[in-house]
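# Examination of the molecular architecture
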Amino acid sequence: MDLGIKGRKAIVCAASKGLGKGCAQALAREGVDLTICARGKDALEATARELSALGAKVTPVVCDVTTEEGRKALLAACPAPDILVNNAGGPPPGDFKNFSLDDWRKAVEGNMISPIALIHATIYGMMDRGFSRIVNITSASIKQPIASLELSNGARLGLTGAVAVLARKAARSNVTINGILPGPFDTDRLRGTSEKLAQSRGVDVAVVDAERKAAVPAGRFGTAEEFGATVAFLCSAHAGYITGQNLLIDGGGYPGSL
Ligand SMILES: NC(=O)c1ccc[n+]([C@@H]2O[C@H](COP(=O)([O-])OP(=O)(O)OC[C@H]3O[C@@H](n4cnc5c(N)ncnc54)[C@H](OP(=O)(O)O)[C@@H]3O)[C@@H](O)[C@H]2O)c1
């Protein structure tokens, strides 16, 4: 299916690896011009080369998207995006008892304020131009909180609530805002958490991985490619009637009917 977004301009945040990279690859295959960012220069440039090899025009911006300076650099490279994929690293795991207010401020800054700032800076121009797609990468934890990820549960649910009305306001201008809620995907982040869990339990990482996969009805982790394909559809010309939704992509992990 032609997604009808060839020549559109996209900002994909936090895209040198993992889910962000999966989104950038899927959009590159559709002929979208990409501005991508990450903090690490080498991985970002390597990803930019891979995306260029798919035929995309790519502008890599080395920056921390959770800072004002980083977002300025990103918007300077792409001031009028048609597509905005909000993403950043997730807050660390831990226990409510031990989190400081500063931990909470960092989580909210990174996973709530930062995407809100990028939406605020771009959405009014998007509405004037009459086509845009915004996708916020959040987490399955907003539907079903994850015990060790209280910082993430809170900050991401805050973002979800913050844009719910705006998504409806923008719909008339053919601008959509949707959240996409990943369950376990095979990325560096997931591998890192499996390794930590394995160390703390004194077992091999393969044991932890097998248990985690067994907990997913699909019996496996998701791939960045299938994640990217779903996001690319939500960014497509065909998805203008889907807005204000929060789509779980978790191999059936959430047990509810709705
Ligand atoms: N994978 C999963 O199973 C899963 C499930 C639910 C939610 N999530 C969430 O989805 C998001 C992406 O996860 P992932 O699995 O793709 O992680 P990943 O494989 O670790 O990749 C993270 C990417 O984001 C970049 N990045 C991180 N912090 C950044 C920042 N402040 N500014 C700019 N770039 C930044 C990283 O590059 P640099 O480090 O070089 O900046 C890297 O390119 C995270 O918020 C994660 O919590 C993931």
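Note that the structure is a prediction, hence the values are computed from the model and not measured. (Residues numbered from 1 in each chain as written. Predicted model: local features only at pLDDT ≥ 70, side-chain atom pairs only at ≥ 80, totals over all residues. Heavy atoms only, no water.)

### Focus on empty space enclosed by the protein
Counted according to the given criterion, the structure contains one cavity of 30 Å³ or more. The computed volume of the largest cavity comes to approximately 80 Å³. As for the largest cavity, its lining consists of 13 residues, of which Asn 86, Asn 87, Ala 88, Gly 110 and Pro 115 are closest to the centre. Classifying every residue of the lining of the largest cavity by side-chain character gives seven nonpolar, five polar and one charged. (1 Å grid on protein atoms, 1.4 Å probe; cavity = no way out; pocket = protein on both sides within 12 Å on 5 of 7 lines; lining within 4 Å. Points joined across faces, edges and corners; volume = space filled by probe spheres on them. Nonpolar A, V, L, I, M, F, W, Y, C, P; charged D, E, K, R; others polar.)

### Topic: the site of the ligand
In the vicinity of the ligand lie 28 residues, with Ser 16, Leu 19, Ala 88, Phe 185 and Thr 187 positioned nearest. A distance of 3.4 Å separates an oxygen atom of the ligand from a polar backbone atom of Asp 188. In the environment of the ligand, an oxygen atom lies 2.8 Å from a nitrogen or oxygen atom belonging to the side chain of Arg 189. Surface burial for the ligand is 88%, taken as the share of its 880 Å² of free accessible area covered by protein chains. Elements with a contribution of two residues or more to the shell around the ligand: α1 (18-29) and α7 (188-201). Considering every element that reaches the shell around the ligand, the biggest residue donor is α7, with three residues. Grouping the constituent residues of the shell around the ligand by class yields 11 nonpolar, 11 polar and six charged. (Near = heavy atom within 4 Å. Polar contact = N/O pair within 3.5 Å; in protein donor to acceptor, adjacent residues only side chain to side chain. Areas by Shrake-Rupley, 256 points an atom, 1.4 Å probe, with all protein chains shown as cover. Helix = DSSP H or I, 4+ residues; strand = E, 2+ residues; numbered from the N terminus.)

### Observations regarding the pattern of salt bridges
As a working rule, side chains carrying opposite charge can pair if their charged atoms are close by. Per the stated rule, a full pass over the model turns up 10 salt bridges. Glu 211 serves as the salt-bridge partner of Arg 201, at 2.8 Å between the closest nitrogen and oxygen. With a gap of 10 residues between them, Arg 201 in helix α7 and Glu 211 in helix α8 (residues 205-214) connect regions that are remote in the sequence. Three or more residues joined by partner-sharing salt bridges are found here, namely Lys 17, Asp 186, Asp 188 and Arg 191. (Salt bridge = Lys/Arg side-chain N within 4 Å of Asp/Glu carboxyl O.)

### Some remarks on the sheet that holds strand β1 (residues 9-12)
Strand order in this open sheet of seven strands is β3-β2-β1-β4-β5-β6-β7, and the pairing throughout is parallel. Each end of this open sheet is capped by a strand with a single partner; those strands are β3 (58-62) and β7 (246-249). Here the average twist between neighbouring strands, direction ignored, is 15 degrees. With six bridges connecting them, strand β5 (residues 132-137) and strand β6 (residues 175-182) associate as parallel partners. (Pairing = 2+ DSSP bridges. Axes fitted to C-alpha atoms, helices over the stretch in contact; angles between N-to-C directions.)

All quantities given are derived from atomic positions and should not be read as evidence of function.
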